[in-house]
Amino acid sequence: MLCDICGNEGVRIRRITRTYGKGKDLLVVEKIPMLTCSHCGESYLTAETLHEMEQIKLNRKSLAVERPVEVVNFG
Ligand SMILES: [Zn+2]
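Because the structure is a prediction, the values reported are computed rather than measured. (Residues numbered from 1 in each chain as written. Predicted model: local features only at pLDDT ≥ 70, side-chain atom pairs only at ≥ 80, totals over all residues. Heavy atoms only, no water.)

A. Structural context of the pattern of salt bridges. Applying the stated criterion to the full structure yields two salt bridges. For E30, the salt bridge is made with R67, and the minimal N-O distance between the two is 3.3 Å. Taken together, the positions of E30 in strand β2 (residues 27-37) and R67 in the segment after α2 (60-63) put the pair 37 residues apart, joining distant regions of the chain. Taking the relative accessible area as the measure of exposure, E30 reaches 42% and is therefore partly exposed. Between K57 and E54 there is a salt bridge, with its nearest N and O atoms 3.5 Å apart. In this pair, K57 and E54 are both assigned in helix α1 (residues 47-58), three residues apart and thus about one turn of the helix distant. (Salt bridge = Lys/Arg side-chain N within 4 Å of Asp/Glu carboxyl O. Helix = DSSP H or I, 4+ residues; strand = E, 2+ residues; numbered from the N terminus. Buried < 20%, exposed > 50% of the residue type's maximum accessible area, 1.4 Å probe, protein only.)

B. Representation of the environment of R15. With respect to the secondary-structure elements, R15 resides in strand β1 (residues 11-20). Judged by relative accessible area, R15 falls into the exposed class, the value being 57%. Between the alpha carbons of R15 and L27 there is a distance of 17 Å; along the sequence they are twelve residues apart. Setting aside residues up to four positions removed in sequence, R15 forms contacts with K31, I32 and P33. Separated by 3.0 Å, the side chain of R15 and the backbone oxygen of K31 make a polar contact. (Contact = heavy atoms within 4.5 Å. Polar contact = N/O pair within 3.5 Å; in protein donor to acceptor, adjacent residues only side chain to side chain.)

Geometric descriptors of this kind do not, in isolation, establish any biological role.
Written out as structure tokens, the structure is:
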């Protein structure tokens, strides 16, 4: 798989978790495929993944599963 940034071979897919919004509107999206290039060190999401993220955010009511989450304030 070629890197979108530098064009070299050596991109790895890493599954990451991202949170959007905050408080009651907090949305956690798990297992987002993030590409990391071993050549240039860039980490990025593909346009397709970003598009999918938009769809998930728009349809969060039907897609999301409620799960109790422990939240800690730093300090
Ligand atoms: Zn690269």
